[in-house]
Amino acid sequence: MQKHTHCSKRLNLFLLLTSLSLLLYNCNQQEKVEDTQIAWDTWGVPHITANSVDELFFAQGWAQMHNHANLILELYGSSRGKGAEYWGQSKLQNDLLIHTLGFDELAEEWEQNQDPELKVIYKNFVDGMNAYAEAHPDAIDDKNKVVLPLSTKDVNMHGMYVVFTRFIGGNDLGRVQQWPDMGSNTYAIGPQRSASGNAMLVQNPHLPWWQEFLFFESHLQLNDKNMYGATLVGFPGIAIGFNDNLGWSHTDNTIDNADTYELTLQDDGYLLDGKVEALETSSKILKIKQDDGTLMEQEIPLLKTVHGPVVKKTDDKVLAIRMVGLDRPNMFLQWWRMINSSNFNEFEDALKMAQIPFWNVMYADKDDNIFYLFNGLVPKRTTDEWEYWDRVNTEGKSEDVWTEVHDYTDLPKVKNPTNGWLQNANDPPWTSTIPMTLNPDDFPGYMAPQYMSFRSQRSARMLLEDESITFEELVDYKLSTRLEFADRILDDLFTAIDSSNSEKAKEAKIVLENWDREADADSKGMLLFYNWARKFNVWNNSNYSIGWDAEKPNTTPDGLDNPERAVQLLELAATEIETKFGSLDTAWGDYYRINYNGKNLPANGIDGSMGVFRVAWPGGGDENNMFVGGGDSWVGVIEFGEDVKAKVLLSYGNATQNDSPHKGDQLDLFSKKQLRDAWFTSSDVKANSSRIEVISENGFKEKEKIE
């Protein structure tokens, strides 16, 4: 009887606890819905907490518009192919390209074929942007209001514009040559090379500090998923990121997945295999805004061959371009699957979707895995040699019109190499490790070229020389401005100077001997060396007595092919510097400056041709100074221990709205070669939030402002 009473009491207690648990669960669920919010930190980064994918992307769309409303409208309006209609004649060439490439029609096709999950993401992202515009009309310049409302088609067309005209077809279309060092760096450090025994990752794209190349930083928390990183402004989700378990970065790869064909016109068609093929012809009417506000219509002819759209026409020739990826509409869904992955197998499943047509992938995780993939869509080609395809094709052969791409299994990749590290600095996949793990002979010749730039050599050298890398050392390596080219060539230059009779060169030698061989703001000698190196032409392999050698990829080229010429160039460089600045040892930061949003700060770094890992390439200047135009954009250094440790920087700040305090607010850190903490935990977010917005019927409303 007593036993039965105890059982009854235990049963009643169980039922009571169960009821309380259910009550608490229901309250928590209700609280989660009510608590969908954006906590804005003191750097203007939105930390979004949501209980559904719908509200998460609605919030991200709202947040992007808060920081970048006018930029997004300018980008989307241009990517629609209606820039001239909205803003005048200066946008016409851009419109012509978009319609020539058929993005308008392709976007409609993509919308029909995209995964339903991606359609949900797009819809809510766009709804969030439109809601912000409606709630805050004063944030939008009058000239940009014509672009509203935004649509899911705009997301597709902007994605196409960036990916196809700036990356896949950027070189073939002649649209990126002004930024020869546009690219990225990345590291993955395995546990055997890490001082802590934890895997580490470096994320470091360096793109122009301009328009569609600007990044947006955000922190997304969806139920038990904690996701952090960056994507290009106007893109939903996270394209370079990390979570509690893993992370990845992208770099521009040496992939040739676009080809340009020169075809001979004949009898209203073009020659293919010696026979005349008919051109596919159509036309469109574009509107062009005039100075008085009226619209003028202009009909444009559109031509297409079996190769692809015609991008240029003369009296007897046409140029047609063929690009991969036009049949892959789910790129943003693949990124979403990547950031939601919990382990390598899930992450690799996302990679196998093969929807992202470009960019290397570098990966590290909490399970101590590191991984490199030469990612992208590589055409299956009939001719093996790289050189055959790295040019304008003038053969007029149908067999050169590829129709298939290589599977994931065919692509170069390395997982957990014995040396304990992986690197990529826009070099081909073969030098992701030194000694090389991948053998180019195991792959088609057209897969990738063979070379290793001075920046890539510097990248590998820093890791080769450190058997036990700490997190702090990895940050220092990321920010290193030491010139690999200077380390390689100065001994030869000094020997040449000693053998000469040039007093000016010997005077310059003293400055270069005392120089720290870095491009820091206070480095004295960098300006002199840079002026000489530009005249010497670092890229020209024939300038060296020993050219680049695949058998010695990280120690060649070397030596001076013409020492006398090198000394003469140094005399000229020294005379120019002394005449202009009055001294040969002018500090680098006195000449190289950051000139952005009213800030004028000393710069550090230079373009990667000099073998600098901290890339900051020139983008203009005046008679006295040169200004940074691009380079290190998003930087993330992450260690995957029991808790994730991360330092980050978005060099130009997380906003472009003119009234935002975050437009350019991180440039001081850039100038000082510093990173900041990524506020990734709930306690960090709470401690560093400046205000909180909660979801409401028409968008978000301010819950509290934190002093």
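Preceding this section is the structure that the text describes.
Caption draft 1: Highlighting the pattern of salt bridges. This structure, assessed with the given rule, holds 37 salt bridges. Residues Arg458 and Glu484 are paired through a salt bridge, measuring 3.7 Å at the closest nitrogen-oxygen approach. Linking Arg458 in helix α11 (residues 454-464) with Glu484 in helix α13 (residues 484-498), this pair joins segments that are 26 residues apart in sequence. Residue classification places Arg458 among the buried positions, given a relative accessible area of 8%. Take Glu484: its relative accessible area is 4%, and that puts it in the buried class. With a closest N to O distance of 3.6 Å, Lys509 and Glu513 form a salt bridge. Taken together, the residues span about one helical turn, with Lys509 and Glu513 both in helix α14 (residues 503-514) at a distance of four residues.

Caption draft 2: Representation of the environment of Val644. Here Val644 is to be found in strand β25 (residues 644-650). For Val644 and Arg458, which are 186 residues apart along the polypeptide, the C-alpha to C-alpha distance reads 27 Å. Setting aside its immediate chain neighbours within four residues, Val644 contacts Phe242, Asn243, Asp244, Ile638, Glu639 and Phe680.

Caption draft 3: Fine view of the packing of aromatic side chains. Taken as a whole, this structure holds 42 aromatic pairs when the rule is applied. Ring plane angle 55° and centroid distance 5.4 Å describe the contact between Phe454 and Phe485, whose orientation is recorded as tilted. Linking Phe454 in helix α11 with Phe485 in helix α13, this pair joins segments that are 31 residues apart in sequence. Per residue, the accessibility class of Phe454 equals that of Phe485, and both read buried. A connected cluster of aromatic rings, assembled from ring pairs, spans Tyr122, Phe167, Trp210, Phe213, Phe235, Phe332, Trp335, Phe358 and Trp359. Stacked on the ring of Trp402, the Lys or Arg Arg322 has its end atom at 5.1 Å from the ring centre. In this structure, Arg614 packs its charged tip against the face of Phe670, placed 3.8 Å from the ring centre.

Caption draft 4: Focus on helix α15 (residues 526-536). Burial runs high along α15: nine of the 11 residues are buried. Every buried residue of α15 is listed here: Met526, Leu527, Leu528, Phe529, Tyr530, Asn531, Trp532, Ala533 and Phe536. Against α13, α14, α16 (563-581), α17 (588-591), β22 (616-621) and β23 (626-632) lie the buried residues of α15. Backbone geometry just after α15 places Asn537 at a positive phi near 75°.

Caption draft 5: Representation of unusual backbone geometry in the model. A cis amide bond links Leu148 to the next residue, Pro149, at an omega of -5°. Assignment of secondary structure puts Pro149 in the loop between α6 (116-135) and α7 (152-168). Backbone torsion omega between Ile434 and Pro435 reads 0°, so that peptide bond is classified as cis. By secondary structure assignment, the location of Pro435 is in the loop between β19 (421-424) and α11. Notably, Asn426 is not glycine yet its phi reads approximately 70°, a positive angle. In this structure, Asn426 sits in the loop between β19 and α11.

Caption draft 6: Examining a negative patch on the surface more closely. A contiguous patch of negative charge, built from Asp172, Asp384, Glu385, Glu387 and Asp390, is present on the exposed surface. Residue classification places Glu387 among the exposed residues on the basis of a relative accessible area of 57%.

So, how was this worked out
Numbering of residues starts from 1 in every chain and runs along the sequence as written. Side-chain atom pairs in this predicted model are given and counted only at pLDDT of 80 or more, local residue features only at pLDDT of at least 70, and totals for whole chains, interfaces and linings cover all residues. Only hydrogens and water are set aside; all other atoms, that is, all heavy atoms of the structure, feed into the side-chain values. The rule for a salt bridge is simple: a side-chain nitrogen of Lys or Arg has to be within 4 Å of a carboxyl oxygen of Asp or Glu. Under the DSSP-based scheme used, a helix requires at least four consecutive residues in state H or I and a strand at least two consecutive residues in state E, with every element numbered from the N terminus. Categorising residues by exposure relies on relative accessible area from a 1.4 Å probe, with only protein chains included: less than 20% of the type maximum marks a residue as buried, more than 50% marks it as exposed, and the intermediate range marks it as partly exposed. By the convention used here, residues are in contact when the closest approach between their heavy atoms is within 4.5 Å. Any two rings among Phe, Tyr and Trp, with Trp reduced to its six-membered ring, count as a pair given centres within 6.5 Å; such a pair is stacked if its planes are under 30 degrees apart, edge-to-face if over 60, and tilted if neither. Note on criteria: charge over ring means Lys NZ or Arg CZ within 6 Å of the ring centre, with the direction from the centre no more than 35 degrees off the ring normal. Patch members must show over 30% relative accessible area and no salt bridge, and they are joined within 9 Å when carrying like charges or within 5 Å when they are nonpolar side chains of Val, Leu, Ile, Met, Phe, Trp or Tyr. Per-residue accessibility takes into account occlusion by the displayed protein chains alone, with areas from the Shrake-Rupley method and a 1.4 Å probe. By the counting rule applied here, Lys and Arg register as positive and Asp and Glu as negative, while His and the ends of each chain are not counted. The atoms used to mark charge sites are NZ of Lys, CZ of Arg, CG of Asp and CD of Glu.

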